[in-house]
Amino acid sequence: MDIYDKIIDLAKRRGFLWNSFELYGGAAGFFDYGPNGCSVKRNIENTWRDYYIRKEGYFEIEAPTVGIEDVYIASGHVGGFSDPLCECVECHSDFRADHLLEAAGFENAGAFSLKEIDEKIEKNNIVCSECGGKLGTAYDFNLMFKTKIGPGGGRQGYMRPETAQGMFIDFDRLLIHNRDKLPFGACQIGKSYRNEISPRQGVLRLREFTQAECEIFVDPEEKTHPEFSKYENVTLLLYPRDEQENEGNPIEMTVKEAVDSGIIAHEFLGYYVALTYDFLTEIGIDKSKLRFRQHLRDEMAHYAVDCWDAEILTERFGWVEAVGIADRTDYDLKAHSAQSKTELSVYVEFPEPVFEKRFTVRPDMAKLGPLFKGKAKQIGDLLKYMSESELLEYENKETATYDLKIENELYKVPSNLVSFGEETIKLSGKTIVPHVIEPSYGIDRITYCVLEHAFYEETLESSETSESSEISDTSEKSEKESEEDETRTVLRLKNKIAPFSVAVLPLIGKPELLKISKQIFESLVDSGLNVYYDDTGTIGKRYRRNDEIGIPYSVTIDFETIDENTVTIRDRDSMKQIRAGAQTLPEKIKEMIKTEYKIE
RNA sequence: GCAUUGAUGGUCUAGCGGCUAUGACUGUGGCCUUCCAAGCCACCUACCCGGGUUCAAAUCCCGGUCGAUGCACCA
């Protein structure tokens, strides 16, 4: 049983993760979060909000999960989020049709239509590489879930394959909300949907999953980050493109070093790579099992400048991509701008107005109008955009006119109606389409990894077998261990991530202890803590149960509580205890939660 | 989607044509119990779904669903 099986087993038993639709036999690619899983996931999401909304000051929005067709035409998902597949008639293997053609020597096979693919397969006699059978006609498999909006034929709708488009579409509203200034960010946490061909690896590849995405809109020429110094000395394990291509290894370096040496494209990306490191370690990802891998050039979207994935090491699946941090440039805004025929841009004021000398031609339109009637505008425009030398070329000194030819008609424009010269123009700003820096987090993957990294088993020698250390034969000893020693399973979750902060446990079920326990429970609940109360069975069993779902502290009420108004506080990880006054318990526990206090 | 393989209480598991489906752990109630899965008593909970073969199917056959693995796909 590997750690994945152990965690899925624990997750099922203790209400973290359940297969969806189990009652009806289940469906691949869907998971339910049970009560404890829901708490952990929510705590992770709220910590994310803490970083992006509270600290970074970005704006959270909530857009629909169903989108209209225009959105995904613009984003490229309607056309590009599908793959041409080809099925073997004999053995029913599926192949990427474009890959087959590329293997047969065609270049840019990805650009072929389905019809072209069929023709080329036919002509070149391409057969199934598995069994040599004949290939069926190519078809598009689009990874978006389709739906209809409204009754009857309805309007074509799609379940969103990423939350990002919501932020792009609201760009102009968000810009006004930020009072027309860059940079600013918008985020959203929510479900996304991809109709995966074959979901595997449990909760790591889902058809419905939760993303936390942030789109930060920046000035394309200003990719330094004002708060860069906050993270510049964070040391990261980076796996740059060059190292991957030359079979090298990840390298440790500070964010500053990575940006200065050009490994990370710019400060803005570096800042969010470091923030991601901070966030992931804060929620309990093991530092030593976290690295940042740069996308290879062919792996990156064609419009992206640079892209780094946070990868988390898991035992069964190896390095799992959990976060992507990309510079998407102005691709998305331009695409939506073109699709919606609306300008999506920002007017950026220069710190100082810029004065530019420019040669300008000023045709006297008030005179040219009556003279040339319908052609006047065309003539005027032609003159306006001429350089000095061009203008002089058309000058006819004899007749004192500029002789212009438009559609083979000659127009003689009197020179005295055209003035020109150098002018100084004041520019106080310019209109730009912002670039987008996108940190995108896969919350379900992160949640699984947090559980895996928190998972801890220890073997406790049962008290009767303490003499077993005298046995010299190791195999005999291990046999004895498995018989008599017990395994304690602990989720060493960070305090802020654990499903409950503290458990209240009367030592035994005597009425006088139960009464006072309830009072202590109430006082902790009233102070805002998430408290778990349990008075069944024996104390040891309850400790074990709570260890397994990661409750960091247990408050035990015993007979001294009645006499002296004190309780014990037990540490989940060390099992050590301290005594504390019941009066100030809520403050004490809150302080311990906040400081990740360990009783040694 | 293909191939291999599996599916029995919440979990692990025995049974592999034939009585009321085995056991352990968990859970619940009770007794006991002054700090780490203690003990005793009682109880709850299961043959993945649909067809077929048979007097009789958890067991054999076919199809489906879900899981694991490989190929393919995906990030």
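Report follows, based on the coordinates. Please read these numbers as outputs of a predicted model, since none were measured by experiment.

### Points about the packing of helix α18 (residues 511-526) against helix α21 (residues 585-595)
No. 1: Where α18 contacts α21, the axes come no closer than 9 Å and their chain directions differ by 55°. Between α18 and α21, the crossing angle belongs to the class labelled oblique. The way α18 lies across α21 gives a crossing that is right-handed. Judged by residue contacts, Ile-520, Ser-523 and Leu-524 of α18 engage Leu-585, Pro-586 and Ile-589 from α21.
No. 2: For the contact of α18 with α21, the per-class residue count stands at 5 nonpolar, 1 polar and no charged.

### Let's talk about the sheet that holds strand β27 (residues 553-557)
No. 1: Strand order across the open sheet formed by 5 strands is β26-β25-β27-β28-β29, with mixed pairing between neighbours. Each having just a single partner strand, β26 (531-533) and β29 (577-581) make up the two edges of the open sheet. Adjacent strand axes in the sheet meet at a mean angle of 30° when their direction is disregarded.
No. 2: Two strands pair when backbone bridges link them, and β27 and strand β28 (residues 566-571) are joined in this way by 4 bridges, in the antiparallel orientation.

### Description of the side chain of Glu-438
No. 1: The topology assignment puts Glu-438 in strand β22 (residues 435-442).
No. 2: Those residues within four positions of Glu-438 in sequence are excluded, and the remaining contacts are Ala-164, Glu-213, Cys-214, Glu-215, Gly-324, Ile-325, Ala-326 and Arg-328.

### Notes on the pattern of salt bridges
No. 1: A complete count under the given rule lists 33 salt bridges for this structure.
No. 2: In this structure, Glu-438 and Arg-328 form a salt bridge, with 3.3 Å as the shortest nitrogen-oxygen distance. Here Arg-328 lies in strand β16 (residues 318-329) and Glu-438 lies in strand β22, a separation of 110 residues in the sequence. Each member of the pair, Glu-438 as well as Arg-328, is classed as buried.
No. 3: Through salt bridges with shared partners, a single network forms among Arg-291, Arg-293, Glu-299, Asp-309 and Glu-311.

### Brief notes about the sheet that holds strand β9 (residues 155-159)
No. 1: Taken in spatial order, the 3 strands of this open sheet run β4-β9-β8, and their pairing is antiparallel. In this open sheet, the two edge strands, each paired with only one partner strand, are β4 (66-68) and β8 (146-149). Adjacent strand axes in the sheet meet at a mean angle of 45° when their direction is disregarded.
No. 2: Sheet analysis places β4 next to β9, joined by 3 bridges and oriented antiparallel. Across the sheet, Ile-68 pairs through a bridge with Gly-157, a residue of β9.

### So, the packing of aromatic side chains
No. 1: One pass over the structure, following the stated rule, counts 21 aromatic pairs.
No. 2: Relative to Phe-279, the ring of Tyr-51 lies with its centre 5.6 Å away and its plane at 80°, an arrangement referred to as edge-to-face. Note that Tyr-51 is positioned in helix α2 (residues 35-55) and Phe-279 in helix α11 (residues 267-282), a separation of 228 residues in sequence.
No. 3: Judged by relative accessible area, Tyr-51 falls into the buried class, the value being 3%.
No. 4: Between Tyr-52 and Tyr-441 the ring centres are 5.8 Å apart and the planes differ by 75°, which places this aromatic pair in the edge-to-face class. One end of the pair, Tyr-52, is in helix α2; the other, Tyr-441, is in strand β22, and 389 residues separate them in sequence. Of the two residues, Tyr-52 and Tyr-441, neither departs from the other in class, the shared state being buried.
No. 5: Here the aromatic residues Trp-48, Tyr-51, Tyr-52, Tyr-231, Phe-268, Tyr-271, Tyr-272, Phe-279 and Tyr-441 are joined through ring pairs into a cluster of three or more.
No. 6: Its guanidinium or amino end placed over the ring of Tyr-33, Lys-41 lies 5.1 Å from that ring's centre, counting from NZ or CZ.
No. 7: Over the aromatic face of Tyr-51 sits the side chain of Lys-55, whose NZ or CZ is 4.3 Å from the ring centroid.

Conventions adopted
Each chain carries its own residue numbering, running from 1 in the written order of its sequence. Written order determines the labels here, with chains lettered from A and ligands numbered from 1. The predicted origin of the model limits local features to residues at a pLDDT of at least 70 and limits the giving and counting of side-chain atom pairs to 80 or more, whereas totals for whole chains, interfaces and linings rest on all residues. Excluded from the side-chain calculation are hydrogens and water; included are all heavy atoms of the structure. Geometry is summarised by axes, namely lines fitted to C-alpha atoms with helices restricted to the contacting stretch, and by angles between N-to-C directions that run from 0 to 180 degrees. Strands are runs of DSSP state E lasting at least two residues, helices are runs of H or I lasting at least four, and both sets are numbered from the N terminus onward. Oblique is the label for any angle not covered by the other classes, which are roughly parallel (under 35 degrees), roughly antiparallel (over 145) and roughly perpendicular (65 to 115). Each helix crossing is assigned a hand: it is left-handed if the near helix lies turned anticlockwise from the far helix by less than a right angle, otherwise right-handed if that turn is clockwise. In this analysis, two residues are considered to be in contact whenever any of their non-hydrogen atoms come within 4.5 Å of each other. For this scheme, ten residues count as nonpolar: Ala, Val, Leu, Ile, Met, Phe, Trp, Tyr, Cys and Pro. Four count as charged, namely Asp, Glu, Lys and Arg, and the remainder, Gly too, count as polar. Whether two strands pair depends on DSSP finding at least two bridges between them. Salt bridges are counted wherever a side-chain nitrogen of Lys or Arg sits within 4 Å of a carboxyl oxygen of Asp or Glu. Burial status follows relative accessibility: with a 1.4 Å probe on protein chains alone, a residue under 20% of its type maximum counts as buried, one over 50% as exposed, and anything between as partly exposed. Centres within 6.5 Å are what make two rings of Phe, Tyr or Trp a pair, Trp counting through its six-membered ring; a difference in plane orientation under 30 degrees is then read as stacked, over 60 as edge-to-face, and the rest as tilted. Note on geometry: a ring has a charge over it if NZ (lysine) or CZ (arginine) is within 6 Å of the ring centre and within 35 degrees of the ring normal.

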